[in-house]
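The residues making up each chain are set out below.
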Amino acid sequence: RLLALLDDTMVSDRAKLKALTMLTTSKNVTATFIESRYAQMIQRQPKDWNVTSEYIKFLQETKQYAKGRAVASQWLKEKVANGGLAPVVAQSDIAWMYYLEGRYKEAWDTIRTEIDSWQGTVLYRASLILDKLNQPVEAEQMGHALIKRYPSGAKGRGMVAQLFWKHGKPQEAAEILKRSP
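Residues numbered from 1 in each chain as written. Predicted model: local features only at pLDDT ≥ 70, side-chain atom pairs only at ≥ 80, totals over all residues. Heavy atoms only, no water.

## Focus on the packing of aromatic side chains
Here's step 1: Under the defined criterion, the tally for this structure stands at five aromatic pairs.
Here's step 2: Ring geometry for Tyr38 against Tyr55: centres 5.1 Å apart, planes inclined by 25°, an arrangement best described as stacked. Taken together, the residues Tyr38 in helix α3 (residues 31-44) and Tyr55 in helix α4 (residues 49-61) connect sequence positions 17 residues apart. Comparing Tyr38 with Tyr55, the two get one shared label, buried.
Here's step 3: Here the aromatic rings of Trp96 and Tyr99 are separated by 4.2 Å at their centres, their planes lie at 10°, and the arrangement is stacked. One end of the pair is Trp96 and the other is Tyr99, both in helix α6 (residues 86-100) and three residues apart, which spans about a single turn. For the pair Trp96 and Tyr99, a shared accessibility class is recorded, and that class is buried.
Here's step 4: Above the ring of Tyr124, the side-chain terminus of Lys155 is found at 5.0 Å from the ring centroid. (Phe/Tyr/Trp six-rings, centres within 6.5 Å; stacked < 30°, edge-to-face > 60°. Helix = DSSP H or I, 4+ residues; strand = E, 2+ residues; numbered from the N terminus. Buried < 20%, exposed > 50% of the residue type's maximum accessible area, 1.4 Å probe, protein only. Lys NZ or Arg CZ within 6 Å of the ring centre and 35° of its normal.)

Right, dumping it as structure tokens:
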């Protein structure tokens, strides 16, 4: 049923994207099929971050990191003037794919230019990258910046508590969790 939506001319592009995203978890379609459909959507809408972002997520989930970086880089080259945080998130996604490959120096070099955006995902990922670069103090400082900016963010708070725990600071980890709104 979802497959039929992808070719239905009466269905909006947004609905087709949602259907395709849902199909990524289906055992009835191949990764090659999903990739080809994302590629078609991007070809029709090269500046649409929603399409590109979903494709990047799929590529990350299938561990196609180099391809995911290429897709994000291509979107950035389109010079999308949307005035939002999408370019920051795209750069963060590129950094994260380096991280997932264990290429922490490249991840840091990619994400560090985006830290001043104070975007939550950037701060979260930068903290983890710094930790992998054996910079625990800087990782903790980045984590504190994340919590200060997004005090009710449970995911970020949990990650920062884990960092402190890992660094042998259980009291600080407990305090971070205790102060959770």
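## What about helix α7 (residues 104-111)?
Here's step 1: Taken together, the buried positions of α7 are Ala107, Trp108, Thr110 and Ile111. Projected onto a plane normal to the axis of α7, the buried residues spread over an arc of 165° and lie on a single side.
Here's step 2: Where α7 is buried, its residues meet α6, α8 (120-132) and α9 (136-149). (Arc of directions from axis to C-beta. Contact = heavy atoms within 4.5 Å.)

## Details of α6
Here's step 1: The terminal C-alpha atoms of α6, which comprises 15 residues, lie 21 Å apart, in line with the 21 Å expected from a rise of 1.5 Å per residue.
Here's step 2: α6 sits mainly inside the fold: 13 of its 15 residues count as buried.
Here's step 3: Count one or two residues on from α6 and you reach Gly102, which has phi positive near 80°. (Expected span 1.5 Å × (residues − 1).)

## Here's the deal with the side chain of Glu114
Here's step 1: For Glu114, the location among the structural elements is in the loop between α7 and α8.
Here's step 2: Buried within the structure, Glu114 lacks any salt-bridge partner; its nearest side chain of opposite charge belongs to Arg112, at an N-O separation of 10.0 Å.
Here's step 3: Once you skip the residues sitting within four places of it in the chain, Glu114 turns out to touch Val88, Gln91 and Val122. (Lys, Arg positive; Asp, Glu negative; His and termini not counted. Salt bridge = Lys/Arg side-chain N within 4 Å of Asp/Glu carboxyl O.)

## Some words on the pattern of salt bridges
As a working rule, side chains carrying opposite charge can pair if their charged atoms are close by.
Here's step 1: As enumerated under the stated definition, the model contains 11 salt bridges in all.
Here's step 2: Between Glu175 and Arg179 there is a salt bridge, with its nearest N and O atoms 3.8 Å apart.
Here's step 3: Overall, Glu175 belongs to the partly exposed group, its relative accessible area being 26%.
Here's step 4: Shared partners join several salt bridges into a network, and the residues in it are Arg69, Glu101, Arg103 and Glu106.

## A closer look at the layout of surface pockets
Here's step 1: Empty space within the largest pocket amounts to approximately 170 Å³.
Here's step 2: For the largest pocket, the full set of lining residues is Trp96, Gly120, Thr121, Tyr124, Arg125, Leu146, Ile147, Tyr150, Gly153, Lys155, Gly156 and Arg157.
Here's step 3: Contributing elements (two or more residues each) for the lining of the largest pocket: α8, α9 and α10 (154-166).
Here's step 4: For the lining of the largest pocket, a count of residues per class yields five nonpolar, four polar and three charged. (1 Å grid on protein atoms, 1.4 Å probe; cavity = no way out; pocket = protein on both sides within 12 Å on 5 of 7 lines; lining within 4 Å. Points joined across faces, edges and corners; volume = space filled by probe spheres on them. Nonpolar A, V, L, I, M, F, W, Y, C, P; charged D, E, K, R; others polar.)

On their own, these measurements won't tell you what the molecule is for.
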